[in-house]
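# Working through the structure, step by step
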Amino acid sequence: MSTPAGTTERYQSALMNTFGPPKLVLTRGRGTHVWDEDGNEYVDLLGGIAVNALGHGHPALVEAVTEQLSTLGHISNFFASEPQIALAEKLLSLVAQGDGKVFFTNSGTEANEAAFKLTRRTGRTHLVAMTGSFHGRTMGSLALTAKEAYRAPFEPLPGEVTFVPYGDAAALAAAVTDETAAIVIEPIQGEAGVVVPPDGFLAAARAVADEHGALLWFDEVQSGMGRTGRWLASQAAGVTPDVLTLAKGLGGGFPIGACLGLGRAATLFEPGNHGTTFGGNPVACAAALAVITTIEDDGLLEHVAVLGQKLRDGLAADPRVSEVTGEGLFVGVVLTEDRAADVAAAALRAGFIVNNATPARIRLAPPLVLTAEDAEAFLRAWPTILEEAFA
Ligand SMILES: Cc1ncc(COP(=O)(O)O)c(C=O)c1O
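Described below are features of the structure shown in this document.

Across its full length, the protein chain holds 13 helices and 15 strands. Across its three principal directions, the C-alpha atoms of the protein chain cover 60 × 50 × 50 Å. For the protein chain, the residues scored as buried account for 52% of the 391 residues in total. Sequence separation of 24 or more characterises 69% of the internal contacts of the protein chain that already satisfy a separation of 6 or more. Surface accessibility of the protein chain: about 17000 Å² in total, with carbon and sulfur atoms responsible for 55%.

What follows concerns the site of the ligand. As a structural note, the neighbourhood of the ligand is formed by 13 residues, with G108, T109, D219, Q222 and K248 the closest of them. Taking G108, its main chain carries an N or O atom lying 2.8 Å from an oxygen atom of the ligand. Within the contact set of the ligand, an oxygen atom lies 2.8 Å away from a backbone nitrogen or oxygen of T109. Within the complex, 82% of the 390 Å² of free accessible area of the ligand lies under protein. Grouping the constituent residues of the shell around the ligand by class yields two nonpolar, seven polar and four charged.

The four strands lie next to each other as β1-β2-β3-β13, forming an open sheet whose pairing is mixed. Of all the strands in the sheet, just β1 (26-30) and β13 (352-353) have a single pairing partner and so form its edges. As paired elements, strand β3 (residues 41-44) and β13 share two bridges and run parallel to each other. Among the inter-strand pairings, D44 is bridged to a residue of β13, identified as I353.

Attention now moves to the packing of aromatic side chains. Here a ring pair, both rings aromatic, is described through the centre-centre distance and the interplanar angle of the planes. With the rule as written, the count across this model stands at four aromatic pairs. A ring pair is formed by F378 and W382, whose centres lie 5.5 Å apart and whose planes are at 45°; its orientation type is tilted. Of this pair, F378 and W382 are both found in helix α13 (residues 372-389), four residues apart, which corresponds to roughly one turn of the helix. According to the relative accessible area criterion, F378 is buried, its value standing at 1%.

We now examine the packing of helix α11 (residues 300-316) against α13. Across the interface, α11 lies against α13 with an axial gap of 10 Å and an inter-helix angle of 5°. In terms of orientation, α11 and α13 fall into the roughly parallel class. Along the contact surface, α11 presents L307, K310, L311, G314 and L315, while α13 presents A372, A375, F378, L379 and W382. Grouping the constituent residues of the contact of α11 with α13 by class yields eight nonpolar, one polar and one charged.

Turning our attention to the pattern of salt bridges. Enumeration according to the criterion identifies nine salt bridges in this entry. Here E155 ties to R151 by a salt bridge, and the two come within 3.8 Å at their closest N and O atoms. Overall, R151 belongs to the buried group, its relative accessible area being 12%. Put simply, E191 and R363 hold a salt bridge, and the shortest N to O gap is 2.6 Å. Of this pair, E191 sits in the loop between β7 (180-185) and α9 (201-212) while R363 is found in strand β15 (residues 361-364), placing the two residues 172 residues apart along the sequence. Judged by relative accessible area, E191 falls into the partly exposed class, the value being 26%. Overall, the relative accessible area of 2% leaves R363 in the buried class. Salt bridges sharing common partners tie together R206, D210 and D242.

The rules behind each value
Residues numbered from 1 in each chain as written. Predicted model: local features only at pLDDT ≥ 70, side-chain atom pairs only at ≥ 80, totals over all residues. Heavy atoms only, no water. Helix = DSSP H or I, 4+ residues; strand = E, 2+ residues; numbered from the N terminus. Buried < 20%, exposed > 50% of the residue type's maximum accessible area, 1.4 Å probe, protein only. Contact = heavy atoms within 4.5 Å. Areas by Shrake-Rupley, 256 points an atom, 1.4 Å probe, with all protein chains shown as cover. Near = heavy atom within 4 Å. Polar contact = N/O pair within 3.5 Å; in protein donor to acceptor, adjacent residues only side chain to side chain. Nonpolar A, V, L, I, M, F, W, Y, C, P; charged D, E, K, R; others polar. Pairing = 2+ DSSP bridges. Phe/Tyr/Trp six-rings, centres within 6.5 Å; stacked < 30°, edge-to-face > 60°. Axes fitted to C-alpha atoms, helices over the stretch in contact; angles between N-to-C directions. Parallel < 35°, antiparallel > 145°, perpendicular 65-115°, else oblique. Salt bridge = Lys/Arg side-chain N within 4 Å of Asp/Glu carboxyl O.

Given below as structure tokens:
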């Protein structure tokens, strides 16, 4: 008689192998903590990759989703619902003083796909994107994603895309022409390992876009919605884009994305130009409203800024760390050697979930509700984790 297969074996036999073997099978979460199927507890310093803004099982999110699902769960986009309208108004008030319009999606890549199509409505087709960029896995988003390993198996990709070195304002100015539809930039690059551009880069991008009549598109799918201690990472530079894409933390774990068109980009789509079945779903919009309300009511932007600074200072104190990048609770740790995979493994053994974004960079993107106690526990464990990884 064969023994029943374990959960990991069942995963591997039933799911397509796009992610490799899972590190753990998780069964439940509460706050910033999660538990695996053997009952081991972990501090979740990755938050579903910058998604679980309110941690796991936050009562405001649970209540909002439950209430909306039992009132009106889904309607088609032939109809409107109050949560959808209220969320669009709220987002516009947070990021653009109300001047713009929103298209809702279910994910980051779909938000970018909508934005990509929006740029085509300018009548131009040339796009300028950045080295190190990540914008998602659908064909349009992939066309803007720099990493060769992700692109090569799927070429030819749509669009005429020129890549310029991230942060290089002169190269950007040289690449943009009067034929350029848009410049797409992550104000802080997440998948590249929380890479921050030099001061003045976003403002330079704004100026060059204006000079050539191109749209400036910020992808804040990962950096947005409070992660940096501001609603948007780009607000630190005081630069407003024409197109803004959001997802990840927006729904706090409930799938939702958004493409915002500001100024002239607000009205580029006409009826029939784009669509979605699930985008703008009332439950997803209620979830996002609950996330935003909680961030506001609990003063989480301030909390993220203060605790993030302490966390980053503490991580930087070890000599095996050459630099700590990022803002708020969007943290990149640059190691002196290519040991990030070993560090992530050692952290997991010590009960902390972190991510090896690149061979030498660790990424942390914990829930915005991370407690000082959990941050301190990680800082206490940090030297031992590094010691084990560098052995
Ligand atoms: C900046 C950025 N854009 C887009 C995406 C794609 O989002 P999703 O995985 O929800 O499609 C990601 C995901 O990591 C991202 O970091």
